[in-house]
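Chain by chain, the residues:
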Amino acid sequence: QVQLVESGGGLVQAGGSLRLSCAASGRSFSSYAMGWFRQAPGKEREFVAAIKRSAGSTYYGDSVKGRFTISRDNAKSTVYLQMNSLKPEDTAVYYCAADLAVPPRVATTYSAYDYWGQGTQVTVSS
């Protein structure tokens, strides 16, 4: 079992920055990959970023490449999403998720993930 708790969401103006955190507990954090997804009202859940368990491999959705950075601190059992140059279209509920697959991978589909946090709202005003 893995429990995930996101934090760091809020209201920010376009062009601003936010850093989301996701604290994990339960199973050894360094044994699984992590991802971030987002969902805006009326839209499907969208892949944002993923990172392998050793932080050696990362992958980003096309809409956030060059603006968002995913990272992890295995000692703190936490994954981060640094979001820069935010746009109104980034407004959504952001979810972190854990992928326990073996061998490890970087997955971009939400069905690949085994555990999810409750989400944190990010609102970008124009």
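Notes on the structure in this doc start here. (Residues numbered from 1 in each chain as written. Predicted model: local features only at pLDDT ≥ 70, side-chain atom pairs only at ≥ 80, totals over all residues. Heavy atoms only, no water.)

Overview of the overall build of the protein
Operational definition: Segments assigned H or I by DSSP are reported as helices when at least four residues long, segments assigned E as strands when at least two residues long, and all are numbered from the N terminus. Burial status follows relative accessibility: with a 1.4 Å probe on protein chains alone, a residue under 20% of its type maximum counts as buried, one over 50% as exposed, and anything between as partly exposed. In what follows, residue pairs with any heavy atoms lying within 4.5 Å of each other are defined as contacts. Per-residue and other accessible areas follow the Shrake-Rupley method at a 1.4 Å probe size, with only the shown protein chains counted as cover for residues. Positive charges come from Lys and Arg alone, negative charges from Asp and Glu alone, with His and the N- and C-terminal ends not counted. Note that the charge is assigned to NZ on lysines, CZ on arginines, CG on aspartates and CD on glutamates.
Tallying secondary structure elements over the protein gives 0 helices and 11 strands in all. The secondary structure elements of the protein, listed N-terminal to C-terminal, are β-β-β-β-β-β-β-β-β-β-β. Dimensions of the protein along its principal axes, counting C-alpha atoms only, are 40 × 25 × 25 Å. By the burial criterion, 43% of the 126 residues in the protein qualify as buried. Nonlocal contacts in the protein, meaning residues at least 24 apart in sequence, comprise 58% of its contacts between residues at least 6 apart. Per element, the accessible surface of the protein, about 6,200 Å² overall, is 47% carbon and sulfur. Counting 13 positive and 9 negative side-chain charges, the protein places the averaged centre of each group 5 Å from the other.

Topic: the environment of Y115
Relative to the elements of secondary structure, Y115 occurs in strand β10 (residues 115-116). Remark: the alpha-carbon pair of Y115 and A24, spanning 91 residues in sequence, is separated by 10 Å. The residues contacting Y115, other than those within four sequence positions of it, are Q1, V2, L4, C96, A97, A98 and L100.

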